[in-house]
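Structure at a glance
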Amino acid sequence: MPAQPTTLIIGGGIAGLAAAALPELDGAVTLLETEPRTFAHSSGRNAAIFRPLEESECLSELAVRSEHLLRELDAPAGVLQRQGLLLAATTSVALNPLLATAVAMGLPHHLLARRELEHCCPLLEGGECDVAIHLPDAGVLELELLETWLRRRLNARGITLRTGAKVTAIRRQATRVEGVVLSSGEQLNADRVVIAAGAWSAGLGDGCGCPLPIAPHRRHLVQFTARQAVSSLPVAWNVERNVYVKAHGPMLVASPGDHTPHAPGLPAVDEALLGSFQGTLAKLGPGLADLPRERAWACLRTVTPDGHPVVGADPRLQGLYWFAGLGGVGMTTGLACAQRLGLAFAGGPPNPKLDPARWLD
């Protein structure tokens, strides 16, 4: 009987936890997280919007599959709060690519004119948007509940989780992976290494001679005091400005949709950028003007040039796998991407939209 493979997963965000929690991964598995806890960076600092509709059918299909996996894997009730999502614009022309994907995939949706969208979300009343796609099955993921559920699955599957374990290098022997080196100097051997380190993924790939075009970008989020009851309102997303606002309990959380290159780490807040954001919110809806700000923070979204994640085997180094570049879609597609990674472990055919090889000559 052949020996079971040993796998090291680098990163304890949505990618790393999902990869370790799904049943596709066999053998002895260890998840390595730099910080004292999982979900410490982008996975714990994002807006957690579950958006099942993108212009890309590939991303939308992954979102639908992730939603199915929540049910199939018995995620606890309340992980996905289905308050709905409005993808709004000034004219229907801006929504046509999204509508085409929704129709092609059979996603439940409704096209709303101004009066209907303002009734659905009074925050947009008097604003610049005249039309919106309403997605009733979309909403917001409860991050703490999602993280806790994934960690419990790790425990049930006997996965080893090591926090405070910073990987400084991936070791290789000729054309195959050998293991990793920790900042403490400890060396760990493995048959397979998964790069699921978010903003730090590109550096790890560079260090072992397997670079990919993955880059972190900063995005801000701001929490405001609402002037009206908002807890039951759908998420409102202006697709032309890439600005969104959502309820967070009795509060509102909004993002200016900024996308500024940034080094890996915890980004500082740019007050100048947030100053101009208030005016943008007022265009979305006059009732959003001059809301009292409670707090602001920033996180990193690590993306590829085509906006699709990188999931699968690296053909340059046997035993090296990628699960990175999920910026903006990680919470929505993470479980389905983890399943795709499991198919790669089993030697299944790659998805050309996700395959690391798409960036190689």
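Residues numbered from 1 in each chain as written. Predicted model: local features only at pLDDT ≥ 70, side-chain atom pairs only at ≥ 80, totals over all residues. Heavy atoms only, no water.

A few words on the environment of leucine 291. Inspection of the secondary structure assignment puts leucine 291 in the loop between α8 (271-284) and β19 (293-303). Sequence separation of leucine 291 and alanine 226 is 65 residues, and the distance between their C-alpha atoms is 7.0 Å. Excluding its chain neighbours within four sequence positions, the residues that come into contact with leucine 291 are Phe224, Thr225, Arg227, Leu252 and Gln278. (Helix = DSSP H or I, 4+ residues; strand = E, 2+ residues; numbered from the N terminus. Contact = heavy atoms within 4.5 Å.)

This part covers the layout of surface pockets. Put simply, the second largest pocket is a space of about 460 Å³. Taken together, 22 residues line the second largest pocket, and the ones lying closest to its centre are Ala47, Val140, Glu142, Lys246 and His248. For the lining of the second largest pocket, the secondary structure elements donating two or more residues are α2 (42-45), β8 (139-141), α6 (143-157), β14 (215-225), β16 (243-248) and β19. When residues of the lining of the second largest pocket are assigned to their parent elements, the largest contribution, three residues, is made by β16. (1 Å grid on protein atoms, 1.4 Å probe; cavity = no way out; pocket = protein on both sides within 12 Å on 5 of 7 lines; lining within 4 Å. Points joined across faces, edges and corners; volume = space filled by probe spheres on them.)

Attention now moves to the packing of aromatic side chains. Any two aromatic rings considered together are summarised by their centre-to-centre distance and by the angle between their planes. All chains considered together, the criterion is met by two aromatic pairs. Ring plane angle 50° and centroid distance 4.8 Å describe the contact between tryptophan 237 and tyrosine 244, whose orientation is recorded as tilted. Each member of the pair, tryptophan 237 together with tyrosine 244, is buried. Each ring, one from tyrosine 321 and one from phenylalanine 345, has its centre 4.6 Å from the other, and the planes form 65°; the classification is edge-to-face. Taken together, the residues span a long stretch of sequence, with tyrosine 321 in strand β21 (residues 320-324) and phenylalanine 345 in helix α9 (residues 330-345) at a distance of 24 residues. Phenylalanine 345 carries the same exposure label as tyrosine 321, and that label is buried. (Phe/Tyr/Trp six-rings, centres within 6.5 Å; stacked < 30°, edge-to-face > 60°. Buried < 20%, exposed > 50% of the residue type's maximum accessible area, 1.4 Å probe, protein only.)

Time to look at empty space enclosed by the protein. Overall, the coordinates contain two cavities of 30 Å³ or more when judged by the stated rule. Approximately 70 Å³ is the volume attributed to the largest cavity. Ile14, Phe50, Ser66, Glu67, Leu70, Leu141, Leu146, Met331, Thr332, Gly334 and Leu335 are the residues that line the largest cavity. Counting only elements with at least two residues in the lining of the largest cavity, the list comes to α3 (57-72) and α9.

Where burial is concerned, most of strand β5 (residues 85-89) is hidden: five out of the five residues are buried. Here β5 shows a buried face lined by Leu85, Leu87 and Ala89 and a second buried face lined by Leu86 and Ala88. Summarising the sheet, β5 and strand β7 (residues 131-135) pair through five bridges and their orientation is antiparallel. If you follow leucine 86 over to β7, its bridge partner there is histidine 134. As judged from the four bridges shared by β5 and strand β15 (residues 235-238), these two strands associate in the parallel manner. Within the sheet, the bridge partner assigned to alanine 88 lies in β15 and is asparagine 238. (Pairing = 2+ DSSP bridges.)

Overall, mixed pairing links the six strands, which are arranged β9-β2-β1-β13-β21-β20 in an open sheet. The sheet terminates laterally at β9 (160-163) and β20 (310-313), the two strands that pair on one side only. Between one strand and the next, the sheet's axes are offset by a mean angle of 15°, whatever the strand orientation. Relative to β9, strand β2 (residues 28-33) runs parallel, the two being bridged by four bridges. Along β9, the bridge assignment pairs leucine 31 with leucine 161. Against the sheet, helix α1 (residues 14-21) makes contact with β1 (6-10), β2 and β21, and its axis sits at roughly 155° relative to β1, the strand it touches most. Relative to β21, α9 is tilted by about 170°, and along the sheet it contacts β13 (192-195), β20 and β21. (Axes fitted to C-alpha atoms, helices over the stretch in contact; angles between N-to-C directions.)

Let us look at the pattern of salt bridges. All told, the structure shown has 13 salt bridges when counted by the stated rule. Close ionic contact of arginine 241 with glutamate 128 constitutes a salt bridge, the shortest N to O distance being 2.5 Å. Taken together, the residues span a long stretch of sequence, with arginine 241 in the loop between β15 and β16 and glutamate 128 in the loop between α5 (114-120) and β7 at a distance of 113 residues. On the basis of relative accessibility, which here comes to 35%, the residue arginine 241 falls in the partly exposed class. By relative accessible area, which is 23% here, glutamate 128 ends up partly exposed. Of the charged contacts in the structure, one is a salt bridge between aspartate 270 and arginine 218, with a shortest N-O distance of 3.6 Å. With aspartate 270 in the loop between β18 (260-261) and α8 and arginine 218 in strand β14, this pair connects stretches of sequence that are 52 residues apart. Arginine 218 gets classed as buried once you look at its relative accessible area, which sits at 12%. Here the salt bridges do not stand alone but share partners, grouping Arg114, Glu118 and Asp130 into one network. (Salt bridge = Lys/Arg side-chain N within 4 Å of Asp/Glu carboxyl O.)

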